[in-house]
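A closer look at the structure
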Amino acid sequence: MTDDCFGHPRLAAIYDPLDPDRSDLDAYLRVAEEFGAHRVLDIGCGTGVFALLLADRGVDVVGIEPALASLDVARAKPSSERVRWLCGEVTALPPLQVDLATMTANVAQEIVDPDTWQKTLRGAYEALRPGGHLVLETRDPAGRAWEEWTREHSYRVTEIPGVGPVESWVQLTEVSWPLVTFRWTYAFAADGQVLTSDSTLRFREREEVETDLLRQGYVVEDVRGAPDRPGKEFVFLARRT
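Residues numbered from 1 in each chain as written. Predicted model: local features only at pLDDT ≥ 70, side-chain atom pairs only at ≥ 80, totals over all residues. Heavy atoms only, no water.

Structural notes on the overall build of the protein
- When its secondary structure is counted, the protein shows 9 helices and 11 strands.
- Relative to the 2.2 N^0.38 estimate, which gives 18 Å for 241 residues, the radius of gyration of the protein is 18 Å and therefore close to what a compact globule would have.
- Seen through its principal axes, the protein has C-alpha atoms that stretch 55 × 40 × 30 Å.
- A separation threshold of at least 6 residues defines the contact pool for the protein, and within that pool the share at least 24 residues apart is 59%.
- Put simply, the protein shows about 11400 Å² of open surface, and 50% of that area lies on carbon and sulfur atoms.
- Of the charged side chains in the protein, 26 are positive and 40 negative; the average position of the first set lies 4 Å away from that of the second. (Helix = DSSP H or I, 4+ residues; strand = E, 2+ residues; numbered from the N terminus. Rg over C-alpha atoms; globule rule 2.2 N^0.38 Å. Contact = heavy atoms within 4.5 Å. Areas by Shrake-Rupley, 256 points an atom, 1.4 Å probe, with all protein chains shown as cover. Lys, Arg positive; Asp, Glu negative; His and termini not counted. Charge placed at Lys NZ, Arg CZ, Asp CG, Glu CD.)

Side note on the side chain of Thr-181
- Mapped onto the fold, Thr-181 is located in strand β8 (residues 179-188).
- The class for Thr-181 is buried, based on a relative accessible area of 17%.
- Reaching out from Thr-181, the side chain makes a polar contact with the side chain of Thr-200 at a distance of 2.8 Å.
- Excluding residues that lie within four positions of it along the chain, Thr-181 makes contacts with Leu-172, Thr-173, Glu-174, Ser-199 and Thr-200. (Buried < 20%, exposed > 50% of the residue type's maximum accessible area, 1.4 Å probe, protein only. Polar contact = N/O pair within 3.5 Å; in protein donor to acceptor, adjacent residues only side chain to side chain.)

Side note on the sheet that holds strand β2 (residues 60-65)
- Across the sheet, which stays open at both edges, the 7 strands sit in the order β3-β2-β1-β4-β5-β11-β10 with mixed pairing between neighbours. At either margin of the open sheet sits one strand with a lone partner, and together these are β3 (83-87) and β10 (218-224). Pairs of neighbouring strands in the sheet enclose a mean axial angle of 20 degrees, with direction left out of account.
- Summarising the sheet, β10 and strand β11 (residues 233-240) pair through 6 bridges and their orientation is antiparallel. Its bridge partner lying in β11, Val-223 is registered against Phe-236. (Pairing = 2+ DSSP bridges. Axes fitted to C-alpha atoms, helices over the stretch in contact; angles between N-to-C directions.)

Some words on the pattern of salt bridges
- The full count for this structure, using the stated rule, is 19 salt bridges.
- Two residues, Glu-137 and Arg-229, come together in a salt bridge whose shortest N-O distance is 3.0 Å. Highlighted residues: Glu-137 in strand β5 (residues 128-139) and Arg-229 in the loop between β10 and β11, separated in sequence by 92 residues.
- Taking the relative accessible area as the measure of exposure, Glu-137 reaches 2% and is therefore buried. (Salt bridge = Lys/Arg side-chain N within 4 Å of Asp/Glu carboxyl O.)

Focus: the sheet that holds strand β6 (residues 156-160)
- Pairing within the open sheet is antiparallel, and its 4 strands lie in the order β6-β7-β8-β9. Of all strands in the sheet, those with a lone pairing partner are β6 and β9 (194-202), marking the two edges. The sheet shows a mean angle of 25 degrees between the axes of neighbouring strands, taken without regard to direction.
- In this structure, β6 lies alongside strand β7 (residues 164-176), joined through 5 bridges in antiparallel fashion.

Concerning the packing of helix α3 (residues 26-34) against helix α4 (residues 49-56)
- It is the contact of α3 with α4, at a shortest axis distance of 11 Å, that shows an interaxial angle of 40 degrees. In terms of axis orientation, α3 runs oblique to α4. Between α3 and α4 the crossing geometry is right-handed. Together, Tyr-28, Leu-29 and Ala-32 of α3 and Phe-50, Leu-53 and Leu-54 of α4 make up the contact between the two elements.
- Classifying every residue of the contact of α3 with α4 gives 6 nonpolar, no polar and no charged. (Parallel < 35°, antiparallel > 145°, perpendicular 65-115°, else oblique. Left-handed = near helix turned anticlockwise from the far one by under 90°. Nonpolar A, V, L, I, M, F, W, Y, C, P; charged D, E, K, R; others polar.)

Some thoughts on the environment of Val-59
- Looking at the secondary structure, you find Val-59 in the loop between α4 and β2.
- Sequence-wise, Val-59 and Ala-76 are 17 residues apart; in three dimensions their C-alpha atoms are separated by 19 Å.

Considerations on the nonpolar core
- Counting 30 residues, the largest nonpolar core has Leu-41, Ile-43, Met-103, Leu-134, Leu-136, Leu-213 and Tyr-218 as its most contacted members.
- No other element matches helix α7 (residues 114-127), which puts 5 residues into this core.
- Ile-43 has contacts with Ile-64, Val-90, Ala-101, Thr-102, Met-103, Val-107 and Ala-124, leaving out every residue within four places of it along the chain.
- Listed in part, the 24 residues of the second largest apolar core include Leu-29, Val-61, Trp-85 and Ala-226. (Core = buried A, V, L, I, M, F, W, Y, C linked by side-chain atoms within 4.5 Å.)

Set out below in structure tokens:
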């Protein structure tokens, strides 16, 4: 099921204003340039931030996202016609031959079911041309990121044009290893509505991800850190044979 922060129209509409700093995507733009990627599949494209950054650089982009409300936000953005938007899962893609497939931010960790995870890696593999690359990131479990998912660390009030002040915070609700569940709360000052969104992430060790990639036919070429979060993330670069 799609988390409400992506699937609820009111929450999807404020997703970007609540998280305006997307410097985490700079590393992915550099990877696309490094591999000379002309065709990119953005898996779990959300509100289209990364897909549109690529399109602005002349890249042919397919963005796939299961949450229709998030895709509606993406489609309403300037220059959105440059991207081919698909609503659904990577396991049901039309035939593609892309140079690069990406899973940015929490996309990989949000796929918690082991069978779905394997099918997603395989779907990405089949969308790549021979020699094409998959790049994805996942948090290093040793960093225990969930320990800071508290109201104390996350509470803020954001003034959003056309919406008004929105209070938001996150609270950890359950750790059932390797699954970690948390709840975001959003309070709209304009009308007093309070909405919540529950999310679960699967934390995978580096060796587990490498094994899964190899099982689906990839060659793991590199495992890097995320430049904006040193020591906290694994960034995997895998090649289709």
